[in-house]
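# Architecture at a glance
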Amino acid sequence: MTAPPLLAVGDLSVTFRTRAGPVKALERVSFAVDKGETIAIVGESGSGKSVTAQAIMGILDPAGRVEAGRVYFAGLDLLRASASELADMRGREFAMIFQNPRGALNPIRTVGDQIADVLARHEHLKGAAARDRAMEMLALVKITDPRRRLDAYPFELSGGMCQRVMIALALACRPALLIADEPTTGLDVTTQAAIMDLIGELGRSRGMATVLITHDLGLAAEHCGRIVVMHAGHVVEDAPAAQLFAAPRHPYTAKLLAATPRPGRHLEDLEAIPGGLPDLRRADLPGCRFLERCDRAGEPCRAPALDAIVTPSPDGERRVLCVRPLMGLAA
Amino acid sequence: MTALLDVAGLCRRFTVGQPGPIERLRGKRPGVLHAVDAVDLRIGEGEVLGLVGESGCGKSTLARVVARLIDPSEGSIRFAGEDIGQIAARRFARHPLRRSIQMVFQDPTESLNPRWTAFDCIADPIRRMDPGAAAKVADRVHELAALVSLPETLLQRFPHQLSGGQKARVGIARAVALRPRLLVLDEPTSALDVSVQVVVLKLLDELKRRLGMSYLFVTHDLEVVRLICDRVAVMYLGRMAEVGTVGQIFERPSHPYTRALLSAVPSGVPGRTPQRIQLSGDPRSPIDPDPRICRFLGRCPNGTERCGTEMPQLRPMGEGHVAACHLADAA
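Residues numbered from 1 in each chain as written. Chains lettered and ligands numbered in written order. Predicted model: local features only at pLDDT ≥ 70, side-chain atom pairs only at ≥ 80, totals over all residues. Heavy atoms only, no water.

## Considerations on the overall build of chain B
For the record, the criterion: Under the DSSP-based scheme used, a helix requires at least four consecutive residues in state H or I and a strand at least two consecutive residues in state E, with every element numbered from the N terminus. Each radius of gyration is computed over the set of C-alpha atoms, and the globule rule expresses the reference value as 2.2 Å times the number of residues to the power 0.38. Here the term buried applies to any residue with accessible area under 20% of the maximum for its type, exposed to any over 50%, and partly exposed to those in between, with areas from a 1.4 Å probe on protein chains only. Contacts: residue pairs with any heavy atoms within 4.5 Å of one another. Using the Shrake-Rupley algorithm and a 1.4 Å probe, accessible areas are obtained, with residue cover drawn only from the displayed protein chains. Charged residues are defined narrowly, with Lys and Arg counted positive, Asp and Glu counted negative, and His plus the chain ends left uncounted. For this purpose, a charge sits on NZ of Lys, CZ of Arg, CG of Asp or CD of Glu.
Across its full length, chain B carries ten helices and twelve strands. Its C-alpha atoms give chain B a radius of gyration of 21 Å, near enough to 20 Å, the size a compact globule of 331 residues would have. Its C-alpha atoms put chain B at 65 × 60 × 40 Å along the principal axes. Classification of the 331 residues of chain B by burial places 53% in the buried group. In chain B, of all internal contacts separated by at least 6 residues, the share reaching a separation of at least 24 is 64%. For chain B, the exposed surface amounts to about 14,800 Å²; the carbon and sulfur share of it is 50%. For chain B, the distance from the average site of its 44 positive side-chain charges to the average site of its 36 negative ones is 4 Å.

## Re empty space enclosed by the protein
Residues and elements named next belong to chain B. Rules: Cavities and pockets were defined on a 1 Å grid built from protein atoms only: a cavity is a group of points that admits a 1.4 Å probe but offers it no way out, a pocket is an open group of points flanked by protein on both sides within 12 Å along at least five of seven lines, and a lining residue is one with an atom within 4 Å of any such point. Grid points are joined across faces, edges and corners, and a volume is the space filled by probe spheres set on the points.
Here the structure, examined in full by the defined rule, presents eight cavities of 30 Å³ or more. Approximately 90 Å³ is the volume attributed to the largest cavity. Around the largest cavity, the lining residues are Tyr236, Arg239, Met240, Ala241, His255, Cys294, Arg295, Phe296, Met311, Pro312 and Ala324. Counting residues per element, the lining of the largest cavity draws most heavily on strand E10 (residues 239-245), which supplies three residues.

## Observations concerning helix H6 (residues 164-176) of chain B
Residues and elements named next belong to chain B. The cut-off we apply is this: Here the expected span of a helix is defined as 1.5 Å times the quantity of residues minus one.
Taking 1.5 Å per residue, 13 residues should reach 18 Å; H6 reaches 19 Å between its end C-alpha atoms and fits that length. Counting buried residues along H6, eleven of its 13 residues qualify, which places the element largely inside the surrounding structure. Listing the buried residues of H6 in full gives Gly165, Lys167, Ala168, Arg169, Val170, Gly171, Ile172, Ala173, Arg174, Ala175 and Val176. Packed against the buried residues of H6 are strand E6 (101-104), helix H4 (118-129), helix H5 (134-147), strand E7 (182-186) and helix H7 (194-211).

## Here's the deal with the pairing of strand E3 (residues 48-52) of chain B
All names here are of chain B. Where we set the bar: Two strands qualify as a pair provided DSSP detects at least 2 bridges between them.
Across the five residues that make up E3, a large majority, five, are buried. Alternating positions in E3 separate into two faces, Val48, Gly50 and Val52 on one and Leu49 and Leu51 on the other, with burial throughout. Alignment of E3 against strand E8 (residues 214-218), held across four bridges, turns out to be parallel. In the strand pairing of E8, Gly50 is matched with Phe217. Bridge count between E3 and strand E9 (residues 231-236): four bridges; the pairing is parallel. If you follow Leu51 over to E9, its bridge partner there is Ala233.

## Digging into the packing of aromatic side chains
Residues and elements named next belong to chain B. Note the following rule: Under the pairing criterion, centres of Phe, Tyr and Trp rings, with the six-membered ring standing for Trp, must be within 6.5 Å; the plane angle then separates stacked pairs below 30 degrees from edge-to-face pairs above 60, leaving the rest tilted.
On inspection of all chains with the given rule, the structure shows six aromatic pairs over all chains. Each ring, one from Tyr236 and one from Phe296, has its centre 4.9 Å from the other, and the planes form 75°; the classification is edge-to-face. One end of the pair, Tyr236, is in strand E9; the other, Phe296, is in the loop between helix H10 (256-263) and strand E11 (315-318), and 60 residues separate them in sequence. By relative accessible area, which is 4% here, Tyr236 ends up buried. Residue classification places Phe296 among the buried positions, given a relative accessible area of 2%. On the numbers, 5.5 Å between centres and 70° between planes, the contact of Tyr257 with Phe296 is edge-to-face.

## Description of the interface of chain A and chain B
Bring the parts together and some accessible area is lost; that lost area is often taken as the interface size. Just so we agree on the cut-off: By convention, the term buried area covers the 1.4 Å-probe accessible surface removed from two parts as they join, with the contributions of both added. Salt bridge, as used here: a side-chain nitrogen of Lys or Arg that lies within 4 Å of a carboxyl oxygen of Asp or Glu. In protein, a polar contact requires one atom able to donate a hydrogen and another able to accept it; more generally it is a pair of N or O atoms within 3.5 Å, and residues adjacent in sequence count only if both atoms are side-chain atoms.
The interface of chain A with chain B comprises 38 residues on the first partner and 34 residues on the second. Of the roughly 2,900 Å² buried where chain A meets chain B, counting both sides, 57% is carbon and sulfur surface. For Arg276 of chain B, the salt bridge is made with Asp197 of chain A, and the minimal N-O distance between the two is 2.5 Å. For the pair chain A and chain B, the interface holds nine residue pairs in polar contact (both at pLDDT 80 or more).

## As for the nonpolar core
Defined as follows: As used in this record, nonpolar core signifies buried Ala, Val, Leu, Ile, Met, Phe, Trp, Tyr and Cys residues forming a set joined through side-chain atoms within 4.5 Å.
Core analysis: the largest hydrophobic core is formed by 70 residues, its most contacted members being Ile172 and Phe217 of chain B. Leave out the neighbours within four places in its chain, and Phe217 of chain B touches Val48, Leu49, Gly50, Leu51, Leu185, Pro188, Leu201, Leu204, Val224, Ile228 and Cys229 of chain B. Residues Ala152, Ile167 and Leu321 of chain A together with Val194 of chain B belong to the second largest nonpolar core, which totals 63 residues.

## Here's the deal with the pattern of salt bridges
Should their charged atoms come close, side chains of opposite charge can pair. Taken as a whole, this structure holds 44 salt bridges over all chains when the rule is applied. Salt-bridge contacts for Arg131 of chain A lead to Asp151 of chain A; the nearest nitrogen and oxygen are separated by 3.4 Å. Separated by 20 residues along the polypeptide, Arg131 of chain A in helix H5 (residues 127-140) and Asp151 of chain A in the loop between helix H6 (146-149) and helix H7 (159-171) bring together distant segments of the chain. Accessibility expressed as a relative area gives 37% for Arg131 of chain A, which makes it partly exposed. Taking the shortest distance from any N to any O, the salt bridge between Arg276 of chain B and Glu222 of chain A comes out at 2.7 Å. Taken together, the residues Arg276 of chain B in the loop between H10 and E11 and Glu222 of chain A in helix H9 (residues 217-223) connect one chain to another. Neither Arg276 of chain B nor Glu222 of chain A differs from the other in exposure class; each is buried. Ionic contacts of the salt-bridge type, sharing partners, join the residues Asp11, Arg28 and Asp307 of chain A into one network.

Listed below in C-alpha cells is the structure:
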C-alpha cells in the first residue's frame, strides 16, 4: 500500500489537568486508517479509547491538552487546524457516533430537524429539500415509516432507533471517516447485530473508513479487519484481526483473549487479568504500563520509554509495544 | 430436583396514561401495561436459571417480583413450599423468609450508598435482620469480605474509592450476608470489563457451591448464560418464549426469537459473521395487548394466520424443554 492513509495518528500524547496532578491519558499513540478500511480500537475502560477519538475530532474536554503528536486527515494536520476549519470538517469529512444515543441527541428537537441542521450547516440545504434528504437518510438507516418518524422526538424512539438516527446524522454529508464510540453498548444483542451490520454495509457501499471503539473483542473480530489494542493510554498492539487472534504478541492481548468468553469455552478455561491499571498521575511511569500485571516483565520493561517493534506481514504490518513479545506461530 | 422456587401464572401489570378529567368524560380509560404475563418458572435446589430477553421484555420486573421487591398482580410464588406471593412486599421486608431471597443489582455504583463505607454496606443487612453486638457484626463482615476476596483494608473505603470489580464484590457480599437460599442477580456483570467479569463469574460459581444457593440470573449476554447457567428461560414481551437446558437452547433452539437471539451473538472469530436471522419491524406494544395474538407476530420471520388468532402456549419440545410457538417442532 503506497497511498497515504486517510487518517494517520502519530505519537499522540494527551494530558489532563486534575487537582491531583497531571494524568497522562495518552502517550505516543500511533495508528493509521486507510481509505475504506474498518479498524477497531479495543481496550478496558480507562485505556484511553474515547480520549483518542475525542483528540482526533478536536472535542477534548477543556482540561485535556494535546502535548505532542500529529493527527493527519487526508494530508491535513488537524491539530494545527483552526476551530472554524475543524467545525467545517466535522460532520462533513469525518463524523462520530456516541455511546448512549439518547443522551447525544437533542431531547427537545425532532429528529428530522436535527438531521436538517447538519445539512443546513454543511450543504446549505433548507426547507423541503432538507426535509426530503433527512427522510432519505432515515430510510437509509432502515427506520420504518421514515416520513412519520421525521417529526418524532428522541424520547418517542427506542434505544436502537435513536442509534439509527445518530448514524443517519453522522452519515448525512457522506463523510470519509466514521468514528463509532461504543455504538452498541447498552443495546440488545439483536439490535447490536442490526446496527453493526448497518454500519458495515453503509461503510462498504460508500467507501467510508470506520474506526470502531469497543471493549468487546468478539465484536471487533467480527466486523474489523485490523485491531488496535490499547492499555492505560498506550497502543500495545496493532495487527490484522486474524493474526491478532491466532497469535497475539503482546502479553496483554493474550490475556484479554483468554478472558473473553467465546463459543466452546467453559468458565474454567477463562482467565482473569490480575491487577488494575497503573496510576497515570505517577511521574515515574515505566515505559511498559502493563508491567505490574505481566508475568513476563523484567528490568528492560522499566525503561522510561519503549519503542514499538514493527514487523511486516502480508496483510499489513504488525506493531507491538513490548520488549519481550510472545513469539507464537504467526499465521 | 425439588423445586426451591415455583412460580405459576405470574402476572404483573402497570397502569399507564391516567386520563385527565376531560379525557375521562370522553370515556378514555388508562392503558394497562402487561410487563409480566402468565409466567411459570421453576428453579431447583442449587440450580442456576438464566433469564434472557431484550430490554423492555419484563425480565427485570419478573426478577423484582420474585425477589419480593414489588407485588405480583396475579399468580403464585411458592418458595420452599410457602406461597410468598400473598405477602405484600412491604410486609415481606420484615418476614423471616426475607433473608432467604436476596438480590444483586445491576450497577454496583448506583446500588451502593455513596455515603456508606464498604463495611457499612455489608453490615446493613446483618444489623437489620440479625441485630447483635457490634463486635459480632464486625466479625461477620470480615468473614464475608474474605469469602468474596475483598481485602480487609478496603472495608473502610467509600464506593467512589473502589474499582468496579471491588464494588461488585461488596454488592455480592451484602447479598450473601444472610446466607440466602435464592439469589436474584439482575445483570450483575454487564457494567464490568471482560477481565473483571471473569473474576466475578468465577466468584459467583464458587459461592453457589460453597453456600448451596440457587440463582435467578438475569442478563442479556448469551455468552455469560452459557458459562454459568444450567437452564435458560427466554422471555419476549412479558411472556415465556422458550425454556430449556443450556444445551437444548444453544444446540436446538425451537422458538424463532431464540434463534434470532443466538444468531446475533458475535462469532468471536475474525472474518466470520454468523448467518443472521433479521428481525424486521418494531416489537408490539405491551399496553393492552390482544390476548389472542402471538406477541412475536410482526417481527417473526415465519408468522402465519394462526399466530394472529390464537396465542401459542408453551408446548413440550423435549425432556424439560418447552417453547411457545405454533410452528415449532418437537425434537
